[in-house]
Amino acid sequence: MPGPLAPHVSRVRALYRRILLLHRALPLELKALGDEYVKEEFRRHRAVGPADAQRFLREWEIYAEMLWQQANENRQNSRKKTCFGTPLTEEKLNDFHNEQIGQLQELMQEATKPNKQFNISDDSEYKN
């Protein structure tokens, strides 16, 4: 018999898989960076309290919906380059803890580095 956390765990896993699938629509550099960030964030939030867990899931669900919409726009407008993501409002930034601001700054630095630290290749050519 499944425990009381089974629906929550199922929801978290489904969201995690959905985000990783949506990242396939991103340019390769953003996909690699996004996948790593998502894995770290989900791992980091495994043992948070119920209120933090709900907020965490709500924010990632909003992200997944936005990314799904942007990926669809990208597919429909193949000539026009889609800008993925959305600007953070001052209100949202004010809600962040100092640790989150630091993570955001690290993410921005990584995303805007002129020299790539790793070589990314499209693995679709290796699939059967």
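In what follows, the accompanying structure is described. (Residues numbered from 1 in each chain as written. Predicted model: local features only at pLDDT ≥ 70, side-chain atom pairs only at ≥ 80, totals over all residues. Heavy atoms only, no water.)

### Thoughts on the packing of helix 2 (residues 28–44) against helix 5 (residues 98–111)
Inference 1: Relative orientation of the contacting elements helix 2 and helix 5 amounts to 165°, with a least axis distance of 11 Å. The angle between helix 2 and helix 5 falls in the class roughly antiparallel. As for how helix 2 packs across helix 5, the hand of that crossing is right-handed. Along the contact surface, helix 2 presents L33, Y37, E41 and R44, while helix 5 presents E99, Q103, L107, E110 and A111.
Inference 2: Grouping the constituent residues of the contact of helix 2 with helix 5 by class yields 4 nonpolar, 1 polar and 4 charged. (Axes fitted to C-alpha atoms, helices over the stretch in contact; angles between N-to-C directions. Helix = DSSP H or I, 4+ residues; strand = E, 2+ residues; numbered from the N terminus. Parallel < 35°, antiparallel > 145°, perpendicular 65-115°, else oblique. Left-handed = near helix turned anticlockwise from the far one by under 90°. Contact = heavy atoms within 4.5 Å. Nonpolar A, V, L, I, M, F, W, Y, C, P; charged D, E, K, R; others polar.)

### Section: the layout of surface pockets
Inference 1: The computed volume of the largest pocket comes to approximately 1800 Å³.
Inference 2: Elements supplying a minimum of two residues to the lining of the largest pocket: helix 2, helix 3 (50–76), helix 4 (90–95) and helix 5.
Inference 3: Its residues assigned to classes, the lining of the largest pocket shows 22 nonpolar, 13 polar and 9 charged.
Inference 4: Computed from the structure, the second largest pocket encloses a volume of approximately 440 Å³.
Inference 5: What lines the second largest pocket is a set of 17 residues, and nearest its centre among them are V12, F42, R43, H45 and R46.
Inference 6: For the lining of the second largest pocket, the secondary-structure elements that each account for two or more residues are helix 1 (6–22), helix 2 and helix 3.
Inference 7: Ranked by residues supplied to the lining of the second largest pocket, first place goes to helix 1 with 5 residues.
Inference 8: Of the residues assigned to the lining of the second largest pocket, the class counts are 10 nonpolar, 3 polar and 4 charged. (1 Å grid on protein atoms, 1.4 Å probe; cavity = no way out; pocket = protein on both sides within 12 Å on 5 of 7 lines; lining within 4 Å. Points joined across faces, edges and corners; volume = space filled by probe spheres on them.)

### Some details on a nonpolar patch on the surface
Inference 1: Together, L88, L93 and I101 give the surface a local cluster of nonpolar side chains, amounting to about 210 Å² of exposed area.
Inference 2: Mapped onto the elements, L88 comes out in the loop between helix 3 and helix 4. (Patch = residues over 30% accessible without salt bridge, like charges linked within 9 Å, V, L, I, M, F, W, Y side chains within 5 Å. Areas by Shrake-Rupley, 256 points an atom, 1.4 Å probe, with all protein chains shown as cover. Salt bridge = Lys/Arg side-chain N within 4 Å of Asp/Glu carboxyl O.)

### Describing helix 3
Inference 1: Helix length check: helix 3 (27 residues) gives 39 Å between terminal C-alpha atoms against 39 Å at 1.5 Å per residue, within 8%.
Inference 2: Those residues of helix 3 lying buried are A53, F56, L57, W60, A64, M66, L67, Q70, A71 and N72. (Expected span 1.5 Å × (residues − 1). Buried < 20%, exposed > 50% of the residue type's maximum accessible area, 1.4 Å probe, protein only.)

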